[in-house]
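# A closer look at the structure
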Amino acid sequence: MKSNSFLQKGHKARIRRQLRTKTNTFIVSLAVADFCVGLIAVLSPFVCNLANCNPPNIEGWLVLYIRIFIVCASGSNLLSLVLERYIAVVKPLKYLTFVTRRRVTQMVVISWVIPLVVIVVAGRSKEY
C-alpha cells in the first residue's frame, strides 16, 4: 500500500511538471484576459447605465478606457499565443532554441504592456 501511495505522489508531481509548458503560460494569460473581458467589458455597460456614468463624466471615460484596455489585452494575448504556435508548427527544430522561458515571459508582459501604452496615449490625446 505504501509503495502504491508513493507512486501516485510521484505521478502527480510528474503531471504537474508536464502542465508547466510554455504554451500553457500563454493560455493562462489569455484566460485571465478573457475572464476580464467577460467580467468587466461585458458587465460595465449595464452597471454604467444604472449608475449614470457615461463618457461625459470622468468615471465614464475611466470605464471606457478600462474596457478598451481589456479587449486589446485579450487580442494581443491571442496574437502571442498564435505566434508561438506558428513557430512551433513551421519551425519545429528551432522552436526549443527560439522560444525560451525568458522570451515567453517577455511576450506575455508585452501583451499586457502594449494595450496599456495605447490607452495612455489615447487618454493623453483626448481633450475633455
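Each chain has its residues counted from 1, following the order in which its sequence is written. Selection of residues for local features in this predicted model requires a pLDDT of at least 70, selection of side-chain atom pairs for listing and counting requires 80 or more, and totals for whole chains, interfaces and linings are taken over all residues. The side-chain figures draw on all heavy atoms in the structure; neither hydrogens nor water molecules are used.

Looking at an unreviewed UniProt entry, the chain carries the name G-protein coupled receptors family 1 profile domain-containing protein, with the source organism given as Pocillopora damicornis. UniProt positions are given in the numbering used here, feature names are shortened, and annotations may be inferred rather than shown by experiment. Per UniProt, the chain carries the Subcellular location (unreviewed entry) text "Cell membrane".

Lines are fitted to the C-alpha atoms to define the axes, a helix being fitted only along its stretch in contact, and any angle between axes, read from their N-to-C directions, falls within 0 to 180 degrees. Helix and strand assignments follow DSSP, with helices taken as H or I runs no shorter than four residues and strands as E runs no shorter than two, numbered in order from the N terminus. Two elements in contact, helix α2 (residues 22-41) and helix α4 (residues 58-90), have axes whose closest approach is 9 Å; the angle formed by their N-to-C orientations is 155°. Between α2 and α4, the angle falls in the class roughly antiparallel. Note on packing geometry: the crossing formed by α2 with α4 is left-handed. Contacts between α2 and α4 involve T23, F26, I27, S29, L30, A33, D34, C36, V37, I40 and A41 from the first element and I66, R67, I70, V71, A73, S74, N77, L78, S80, L81, E84 and R85 from the second. For classification purposes, an angle smaller than 35 degrees is called roughly parallel, one larger than 145 roughly antiparallel, one from 65 to 115 roughly perpendicular, and anything else oblique. Take the far helix as your reference; a near helix turned counterclockwise from it by less than a right angle gives a left-handed crossing, and one turned clockwise gives a right-handed crossing. By definition, residues are in contact when any of their heavy atoms lie within 4.5 Å.

Another point: the packing of aromatic side chains. For Phe, Tyr and Trp, where Trp contributes only its six-membered ring, two rings pair if their centres lie within 6.5 Å, and the inter-plane angle classes them as stacked under 30 degrees, edge-to-face over 60, or tilted in between. By the definition in use, this model includes two aromatic pairs. When the centroid spacing of 6.1 Å and the interplanar angle of 50° are considered together, the rings of F69 and W112 count as tilted. Residue F69 is found in helix α4, and its partner W112 is found in helix α6 (residues 101-125); the two are separated by 43 residues along the sequence. A residue is classified by how much of its surface remains accessible, and F69, at 18% relative accessible area, is buried. Burial classes follow relative accessibility: with a 1.4 Å probe on protein chains only, a residue under 20% of its type's maximum area counts as buried, one over 50% as exposed, and anything between as partly exposed. Given the relative accessible area of 22%, W112 is considered partly exposed.

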